[in-house]
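An overview of the molecular structure
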Amino acid sequence: QVQLVESGGGLVQPGGSLRLSCAASLSAFNSYTMGWDRQAPGKQRELVARLSPDFNTHYADSVKGRFTISRDNAKNMVYLQMNSLKPEDTAVYYCYCGPIGWGQGTQVTVSS
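Figured I'd write up the structure that's included with this text. Just so we're clear, the structure is a prediction, and the values are computed from it rather than from any experiment.

1. Here we look at the pattern of salt bridges
Where charged atoms of side chains with opposite charge meet at close range, the side chains can pair. A complete count under the given rule lists five salt bridges for this structure. Its salt-bridge partner being Asp37, residue Arg50 comes within 2.8 Å of it at the nearest N-O pair. Taken as a pair, Arg50 in strand β5 (residues 46-51) and Asp37 in strand β4 (residues 33-39) lie far apart in primary sequence, 13 residues in all. Of the residues examined, Arg50 reaches a relative accessible area of 15% and is grouped as buried. The partner of Arg38 in a salt bridge is Glu46, and the shortest N-O contact between them spans 2.8 Å. The exposure class assigned to Arg38 is buried, which follows from its relative accessible area of 5%. Residue Glu46 is classed as partly exposed on the basis of its relative accessible area of 35%. One connected set of salt bridges, linked through shared partners, spans Arg38, Glu46, Arg66 and Asp89.

2. Side note on the state of the cysteines
Enumeration according to the criterion identifies one disulfide in this entry. Here Cys22 pairs with Cys95 through a disulfide, and the sulfurs are 2.0 Å apart. Between Cys22 and Cys95 the sulfur-sulfur dihedral comes to about -85°; the bridge is accordingly left-handed. With a gap of 73 residues between them, Cys22 in strand β3 (residues 18-25) and Cys95 in strand β9 (residues 91-98) connect regions that are remote in the sequence. Like Cys22, the residue Cys95 is buried in the burial classification. Looking at Cys97, it has no disulfide partner, and the nearest cysteine sulfur is the one in Cys95, 7.5 Å off.

3. Focus on the nonpolar core
With 30 residues, the main nonpolar core has Met34, Trp36, Leu80, Met82 and Tyr93 as its most contacted residues. At the level of elements, β3, β4, β5, β7 (67-72), β8 (77-82), β9 and β11 (106-110) are the ones that each hand at least two residues to this core. Here Met34 is in contact with Leu4, Ala24, Phe29, Ala49, Arg50, Leu51, Ile69, Arg71, Val78, Cys95, Tyr96 and Cys97, once residues within four sequence places are set aside.

4. A short note on the environment of Ala91
Here Ala91 is to be found in strand β9. For Ala91, a relative accessible area of 1% corresponds to the buried category. Along the sequence, Ala91 and Gly105 sit 14 residues apart, while their C-alpha atoms lie 9.5 Å from each other. Beyond its immediate sequence surroundings of up to four residues, Ala91 is in contact with Arg38, Gln39, Ala40, Thr106, Gln107 and Val108.

Conventions adopted
- Residue numbers restart at each chain and count upward from 1, following the sequence in its written direction.
- For this predicted model, a pLDDT threshold of at least 70 governs which residues receive local features, and a threshold of 80 or more governs which side-chain atom pairs are given and counted, while totals over whole chains, interfaces and linings are taken from all residues.
- Only heavy atoms go into the side-chain values, all of them from the structure, while hydrogens and water stay out.
- The term salt bridge refers to a pairing of a side-chain nitrogen on Lys or Arg with a carboxyl oxygen on Asp or Glu at a separation within 4 Å.
- Numbering of helices and strands runs from the N terminus, with a helix taken as a DSSP run of H or I at least four residues long and a strand as a DSSP run of E at least two residues long.
- Here the term buried applies to any residue with accessible area under 20% of the maximum for its type, exposed to any over 50%, and partly exposed to those in between, with areas from a 1.4 Å probe on protein chains only.
- Note on terminology: disulfide denotes any pair of cysteine sulfur atoms within 2.5 Å.
- To qualify as a nonpolar core, a set must consist of buried Ala, Val, Leu, Ile, Met, Phe, Trp, Tyr and Cys residues joined through side-chain atoms within 4.5 Å.
- The contact definition used throughout considers only heavy atoms, calling two residues in contact when any of these lie within 4.5 Å.

Quick look at the structure:
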C-alpha cells in the first residue's frame, strides 16, 4: 500500500518558477524509481522526469535544462524544480512511484 500526495502547484507567469513536492508513504522509499508525469487538457499523459534509486535521471526533451528532479530519502520526499516556465507547461502534474503508480496530481498554470 502506497500513497503519493503532490503539492506546490499554482498560477505562475511565463518565465517564472515553481517547486512541486511529493510525499510518499511507503517502506524502503530509497529502493523505488520516482518521477513526475503531466497531462494537459485534451492531451495524453506524458513522462516529465524520472529519478532511479541510484540517482540516475531522465527528462523529457521538452523540459531538459529547465526542470530538475530530486529526492530526500530521509523524508520520503520527491521534488520537481521548474524554472523558465512556458505556457505549454500548463498541466496537471502527477507524482510517480515505479512500478506502483501515480498520485492524484497538482495543477500548474503558466499564463500572463
